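The residues making up each chain are set out below.
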Amino acid sequence: MIMELLQEELFQLALIAALLVGLCAPAVGTFIVQRRLSLLGDGIGHVALTGVALGFLTGTAPVLTAVIVSVLGAVAIELVRARGRTSGDVALALLFYGGIAGGVMLMGIAPGGSTTKLNSYLFGAIASVTPGDIWVIAALAAAVIAVVVIFGRELFVLCQDEEMARASGLPVRFLSLLIAVTAALTVVIAMRVVGLLLVSALMVIPVATSQQLTRGFRTTMLLAMVFGVLASVGGLLASTYSAKVPPGAAIVLLALAGFVLALGVGRFVRRGRTQESPLSERPQLHVKEVA
């Protein structure tokens, strides 16, 4: 059955899109989670909705207008947050409300605009991905991975301690904007697969799952990317075998199932490590250290 699916062009395109999203979303999400900005993807997703509607209104490609608007929105939110004029959660709330209201308004006045077209971007429509979409997604994914590879070490220092990064002479403002812009690109990449309303889940849940099993930053990122790919491909297969299963929802639910499983495994492993280190040995080590 799988071999037959691989011979179909539509499934091939959907599979490529799922793989690219599964790799990029957790990679960027690792930095976002580390900075405690897990809701950033949601805020940018709502702003991207305005970009999609703007594309329908102007008759241009919705993906390209979504890139422009989401990047501008991400830069705006980072500048507002950095200058301290309002807290991060308030700034994200402004993105939430303004973005979705602008998207609905523009879609309503756009020629030929309809709720059906809007839903395909809100909840994903991976089965309708075209070769042109794949080229755009691949280009954006390459840019995201390039940022992670080139600036990964600097971004890690920034996410660990912003003051330390500033004291080390790193361009904190530039790196913060870079994370925001990269997150915006990731949202646009994933909107055709899981939808703008669910994209943040694919950026956060695989990272949270990986954190239950490992501690190192690089290992956490790599394992999160593996979980992201498994969830994306698994959700695609589930929607392919049953037309009643929405692919975006299936991907997120599989990611959540993986988190629950990892949570149980992680607790079991930590309990085993605790039993291997008897409490009776700790006073002896403490005495030696004091002496």
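Residues numbered from 1 in each chain as written. Predicted model: local features only at pLDDT ≥ 70, side-chain atom pairs only at ≥ 80, totals over all residues. Heavy atoms only, no water.

## Quick word on a nonpolar patch on the surface
Formally: What makes a patch is a set of residues exposed beyond 30% relative accessible area and free of salt bridges, joined within 9 Å when like-charged and within 5 Å when nonpolar (Val, Leu, Ile, Met, Phe, Trp, Tyr). Residue burial considers only the protein chains on display, and all accessible areas are found by Shrake-Rupley using a 1.4 Å probe. Salt bridge criterion: a side-chain nitrogen from Lys or Arg within 4 Å of a carboxyl oxygen from Asp or Glu. In DSSP terms, a helix is any run of H or I states spanning at least four residues, a strand is any run of E spanning at least two, and both are numbered starting from the N terminus. When accessible area is computed with a 1.4 Å probe and restricted to protein chains, residues below 20% of their type maximum are described as buried, those above 50% as exposed, and intermediate ones as partly exposed.
Together, Leu54, Leu57, Met105 and Ile109 give the surface a local cluster of nonpolar side chains, amounting to about 350 Å² of exposed area. Residue assignment for the nonpolar patch shows that the elements contributing at least two residues are α3 (40-58) and α5 (88-109). Here Leu54 shows up in helix α3. Residue classification places Leu54 among the partly exposed positions, given a relative accessible area of 30%.

## Concerning helix α9 (residues 172-190)
To keep it simple, the criterion reads: Expected span of a helix, by definition, is 1.5 Å for each gap between consecutive residues, and there is one gap fewer than residues.
With 19 residues, α9 ought to run about 27 Å at 1.5 Å a step, and its terminal C-alpha atoms sit 27 Å apart, in line with that. Of all 19 residues making up α9, 15 are buried, and the element is well covered by its neighbours.

## What about the packing of helix α10 (residues 199-211) against helix α11 (residues 217-241)?
A pair of packed helices can be characterised by two numbers: the angle between their axes and the separation between those axes. Cut-off, in case you're wondering: The axes are straight lines fitted to the C-alpha atoms, using for helices just the contacting stretch, and the angles between their N-to-C directions are given from 0 to 180°. Oblique is the label for any angle not under 35 degrees, not over 145, and not in the 65 to 115 range, which are roughly parallel, roughly antiparallel and roughly perpendicular in turn. Handedness of a helix crossing follows the sense of rotation of the near helix relative to the far helix, less than a right angle counterclockwise being left-handed and clockwise being right-handed. Only heavy atoms matter for contacts: two residues are in contact if any of them lie within 4.5 Å across the pair. Side-chain classes follow a simple rule in which Ala, Val, Leu, Ile, Met, Phe, Trp, Tyr, Cys and Pro form the nonpolar group, Asp, Glu, Lys and Arg form the charged group, and the remainder, Gly included, forms the polar group.
At a minimum axis distance of 8 Å, the contact between α10 and α11 shows a crossing angle of 125 degrees. One way to sum up the angle between α10 and α11 is to call them oblique. Like other packed secondary-structure pairs, α10 and α11 cross with a definite hand, here right-handed. Counting all contacts with α10, which are made through Leu202, Pro206, Val207, Thr209, Ser210 and Gln211, the residues of α11 involved are Thr219, Thr220, Leu223, Ala224, Phe227, Gly228 and Ser232. Taken together, the residues that form the contact of α10 with α11 break down as six nonpolar, seven polar and no charged.

## Re the nonpolar core
Filter applied, for reference: The term nonpolar core refers to a set of buried residues drawn from Ala, Val, Leu, Ile, Met, Phe, Trp, Tyr and Cys, joined through side-chain atoms within 4.5 Å.
Residues Phe31, Ile32, Ile189, Met191 and Met203 are the most contacted members of the largest nonpolar core, which totals 79 residues. A per-element tally of this core places helix α2 (residues 9-34) first, with 14 residues. With near-sequence residues (within four places) excluded, Ile32 lies in contact with Leu37, Ser38, Leu40, Ile179, Ala183 and Met203.

## Some words on the UniProt feature "transmembrane region" (unreviewed entry) in the protein
To be explicit about the condition: UniProt positions are given in the numbering used here, feature names are shortened, and annotations may be inferred rather than shown by experiment.
In the numbering used here, UniProt assigns the "transmembrane region" (unreviewed entry) feature to residues 12-32, 63-80, 92-114, 134-152, 164-183, 189-209, 221-243 and 249-269. Annotation note: span residues 63-80, helix share 100%, strand share 0%, distance between end C-alpha atoms 26 Å. Between the first and last C-alpha atoms of residues 164-183 the distance is 23 Å; the span itself is 80% helix and 0% strand.

## Focus: the confidence of the model for the protein
Note the cut-off: Each residue carries a pLDDT value, the predictor's own confidence for that position, ranging from 0 to 100.
Per-residue pLDDT for the protein averages 79, and the proportion of residues at 70 or more is 83%. At the low end of the mean pLDDT range in the protein sits helix α13 (residues 282-290), at 45; at the high end sits α10, at 88. With pLDDT under 50 throughout, residues 279-291 is counted as low confidence; its partners more than four residues away or in other chains account for one contact.

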